[in-house]
Amino acid sequence: MDRSKNFARELPEGYRLIKTVDAGEKRLGILMNMGAAVLSTAVGAAGFFLKFGKNPGSSVTFGGSIWVVEGALLGLLACLIAYLVLHELTHGIVYKILTGEKLTFGLKLTCAYCGVPDIYVTRKTALLSLLAPFTVFSVAFLVPFVLLSGPLSLGFLILFALHFGGCVGDLYDTFLLLFRLKGKLLMRDTGPKQTFYVYDPTDPA
Ligand SMILES: [Zn+2]
């Protein structure tokens, strides 16, 4: 596979910086987490109403024991931690397949991240990596939510809702790439921070 078409090692002449999205920056980090909370709540409430609206009690009928409930909550927490790791790995797998370059992973107060810091990726590479976890885990959580019933279904709804909200940064970058930033474009992704460059040979700088 010819990966060289998917990225550039140096920023080519004629490109200029037009947009920075830094989730590690305090203000944007807080805004994104608020956006995530709103999205998760809305998606979770909509899913709950659609599935359990007629009989809300059916979603929480455990064996009755407090230990069962505690076990379920611990299970959910374990799933969330595993999800966080797998989400970032999914970004990384796509970056690795398309570029073969060195990746970076990490965790900040405001976000977990994966980047490919030493290169400038094309719009297509950026979109494929950004949307991979969103697509994979939406299917992975929605299918069991629809097919199962009771507390298990509710568990997958909670995972789906948190996943959906947690993708707010990925979805924002996707929105910029699809609808806002026109023309020939390269993106640098250091993990928490994405910088976007467009080709503009008329720019004197
Ligand atoms: Zn992501």
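Residues numbered from 1 in each chain as written. Predicted model: local features only at pLDDT ≥ 70, side-chain atom pairs only at ≥ 80, totals over all residues. Heavy atoms only, no water.

## Remarks on the coordination of the zinc ion
On the protein side, the zinc ion has His87 (NE2), His91 (NE2), Asp170 (OD) and Asp170 (OD) as donor atoms, found 2.0 to 2.8 Å from it. Around the zinc ion sit four donor atoms; with metal-centred angles ranging over 51 to 149 degrees, the donor geometry is irregular. Spacing between the donor residues of the zinc ion along their common chain follows H-x3-H-x78-D. Within this pair, His87 and its partner His91 are both found in helix α2 (residues 66-99), separated by four residues, close to a single helical turn. (Donors = N, O, S within 2.8 Å, 3.2 Å for Na, K, Ca; no water. Tetrahedral: all angles 85-135°; square planar, octahedral: opposite > 155°, others 65-115°. Helix = DSSP H or I, 4+ residues; strand = E, 2+ residues; numbered from the N terminus.)

## A look at the side chain of Thr195
Tracing the backbone through its elements, the reader meets Thr195 in strand β6 (residues 193-199). Beyond its immediate stretch of four places on either side in the chain, Thr195 contacts Leu17, Lys19, Thr20, Leu186, Met187 and Arg188. (Contact = heavy atoms within 4.5 Å.)

## A word on the packing of aromatic side chains
If you walk through the whole model with that rule in mind, you get 10 aromatic pairs. Taken together, a centroid distance of 5.2 Å and an interplanar angle of 45 degrees make the contact between Phe48 and Phe52 tilted. Of this pair, Phe48 and Phe52 both sit in helix α1 (residues 26-52), separated by four residues, roughly a single helical turn. Given a relative accessible area of 28%, Phe48 falls into the partly exposed group. The buried category is assigned to Phe52, whose relative accessible area is 3%. Between Phe141 and Phe156, the aromatic rings sit 6.5 Å apart at their centres with planes inclined by 40 degrees, giving tilted as the arrangement. With Phe141 in helix α3 (residues 123-147) and Phe156 in helix α4 (residues 150-166), this residue pair connects regions lying 15 residues apart in the sequence. Judged by relative accessible area, Phe141 falls into the buried class, the value being 8%. Put simply, the rings of Tyr83, Phe137, Phe141 and Phe156 touch in pairs and so form one group of aromatic residues. (Phe/Tyr/Trp six-rings, centres within 6.5 Å; stacked < 30°, edge-to-face > 60°. Buried < 20%, exposed > 50% of the residue type's maximum accessible area, 1.4 Å probe, protein only.)

## Details of α3
The end-to-end C-alpha distance of α3, which contains 25 residues, comes to 36 Å, matching closely the 36 Å that a straight helix rising 1.5 Å per residue would cover. At Leu131, α3 shows its maximal bend, which comes to roughly 35 degrees, and the proline Pro133 appears one to four places after that position. (Expected span 1.5 Å × (residues − 1). Bend = angle between axes of the 7 residues up to and from the residue.)

## Here we look at the nonpolar core
Membership of the largest hydrophobic core comes to 21 residues, with the highest contact counts inside it found for Val21, Tyr95, Val121, Leu177, Leu185, Met187 and Phe196. Breaking this core down by element, the ones donating at least two residues are α1, β4 (112-122), α3, α5 (168-180), β5 (185-189) and β6. Counting residues per element, this core draws most heavily on β4, which supplies four residues. The contact partners of Leu177, leaving out residues within four places of it in the chain, are Arg123, Ala126, Leu127, Leu130, Leu185 and Phe196. One finds Val43, Tyr83, Phe137 and Phe141 within the second-largest nonpolar core, a separate group that totals 10 residues. (Core = buried A, V, L, I, M, F, W, Y, C linked by side-chain atoms within 4.5 Å.)

## Details of the packing of α1 against α5
It is at 9 Å that the axes of α1 and α5 come closest, and there the two elements cross at 105 degrees. It follows from the interaxial angle that α1 and α5 lie roughly perpendicular. Residue-level inspection shows Met32, Ala36 and Leu39 of α1 in contact with α5, the latter providing Val168, Gly169 and Tyr172. (Axes fitted to C-alpha atoms, helices over the stretch in contact; angles between N-to-C directions. Parallel < 35°, antiparallel > 145°, perpendicular 65-115°, else oblique.)

## What about the state of the cysteines?
According to the stated counting rule, one finds zero disulfides in the structure shown. Cysteine Cys114 shares no disulfide, and the gap to the nearest cysteine sulfur, in Cys111, comes to 12 Å. Among the residues examined, Cys114 registers a relative accessible area of 4% and is labelled buried. (Disulfide = S-S within 2.5 Å.)

## Description of the pattern of salt bridges
Throughout the structure, instances matching the rule amount to four salt bridges. Note that Lys102 and Asp118 form a salt bridge whose closest N and O atoms lie 3.9 Å from each other. With Lys102 in the loop between α2 and β3 (104-107) and Asp118 in strand β4, this residue pair connects regions lying 16 residues apart in the sequence. (Salt bridge = Lys/Arg side-chain N within 4 Å of Asp/Glu carboxyl O.)

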